[in-house]
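Chain by chain, the residues run as shown.
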Amino acid sequence: MARITVVNGPNLNLLGTREPSIYGSESLDDIHTKLCTAAEPEHTVHSVQSNGEGAIIDHLHQAQQAADGVLLNAGAYTHTSYAIRDAIAAINRPTIEIHLSNIHAREPFRTESVIAPVCVGQICGFGWYSYILGLHALLQLLGESSS
Ligand code: DQA
């Protein structure tokens, strides 16, 4: 049994209505439901969202005790936040960087991720399915995958 925490950053609470041509029409609740369907009954998925940098760091700190691995979509903080990068490095839990959009095919400022060096890997460009791919990758890494 693996405990997965999914941390979502700023503006992702608006998924479903936020620029659907880029981010799709699924809400964050829809994505959580899809993750649970893919993970249960063997594994647990705990999803959180915050628009604030400090709260995201607090969620990562909590994951050190509460989770075996983390899926993190840090939103725009991906490109700027050394504090979130340091939190990922500090918690000693495998963390996979997730993006709905292909950040490498968008504006130049999005192509840099300051958190990528401390994440196990990065999955981007598959819409809500990026999260499912991230879940499978994390379970494989944790030795919890049978496929
Ligand atoms: C995002 C990409 C970021 O550049 C952007 O700021 C987001 C969403 C994505 O999931 O594609 O908020 O992380």
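Residues numbered from 1 in each chain as written. Predicted model: local features only at pLDDT ≥ 70, side-chain atom pairs only at ≥ 80, totals over all residues. Heavy atoms only, no water.

### Observations concerning the environment of V45
Mapped onto the elements, V45 comes out in strand β2 (residues 44-49). Separated by 41 residues in the primary sequence, V45 and I4 have C-alpha atoms spaced 4.9 Å apart. For V45, the contacting residues outside a window of four places in its chain are I4, V6, H32, L35, C36 and A39. (Helix = DSSP H or I, 4+ residues; strand = E, 2+ residues; numbered from the N terminus. Contact = heavy atoms within 4.5 Å.)

### Digging into the packing of helix α2 (residues 28-39) against helix α5 (residues 129-141)
Interaxial distance between α2 and α5 falls to 10 Å at its minimum, and their mutual angle equals 30°. In the crossing of α2 with α5, the sense of the turn from one axis to the other is right-handed. Contacts from L28, I31, K34, L35, A38 and A39 in α2 reach Y131, I132 and L135 in α5. When its residues are assigned to classes, the contact of α2 with α5 shows eight nonpolar, no polar and one charged. (Axes fitted to C-alpha atoms, helices over the stretch in contact; angles between N-to-C directions. Left-handed = near helix turned anticlockwise from the far one by under 90°. Nonpolar A, V, L, I, M, F, W, Y, C, P; charged D, E, K, R; others polar.)

### Observations concerning the side chain of E97
Along the polypeptide, E97 turns up in strand β4 (residues 95-99). No salt bridge forms around the buried E97; measuring N to O, its nearest opposite-charge neighbour R85 is 9.7 Å away. There is a polar contact of 3.0 Å between the side chain of E97 and the side chain of S113. In this structure the side chain of E97 is engaged in a polar contact, spanning 3.0 Å, whose partner is the side chain of Q122. Sequence-distant contacts of E97, that is, excluding residues within four places in its chain, are made with L72, T78, I103, S113, I115, A116, C119, G121, Q122 and I123. (Buried < 20%, exposed > 50% of the residue type's maximum accessible area, 1.4 Å probe, protein only. Lys, Arg positive; Asp, Glu negative; His and termini not counted. Salt bridge = Lys/Arg side-chain N within 4 Å of Asp/Glu carboxyl O. Polar contact = N/O pair within 3.5 Å; in protein donor to acceptor, adjacent residues only side chain to side chain.)

### What about the nonpolar core?
Where a protein is soluble and globular, its nonpolar side chains tend to be buried together. If you look at the biggest cluster of nonpolar residues, it comprises 22 residues, and the most contacted ones within it are I4, L35, L71 and Y131. Sorting the residues of this core by element identifies β1 (3-8), α2, β4 and α5 as the ones contributing at least two each. Aside from chain neighbours lying at most four places away, what touches Y131 is V6, N8, L12, L28, I31, L35, L71, N73, I98 and L100. (Core = buried A, V, L, I, M, F, W, Y, C linked by side-chain atoms within 4.5 Å.)

### Things to note about the pattern of salt bridges
Counted under the stated rule, the structure contains three salt bridges. R3 serves as the salt-bridge partner of D68, at 3.1 Å between the closest nitrogen and oxygen. Taken together, the residues D68 in the loop between α3 (53-66) and β3 (69-73) and R3 in strand β1 connect sequence positions 65 residues apart. A residue is classified by how much of its surface remains accessible, and R3, at 27% relative accessible area, is partly exposed. Bridged by salt links that share partners, the residues R106, E107 and R110 form one connected network.

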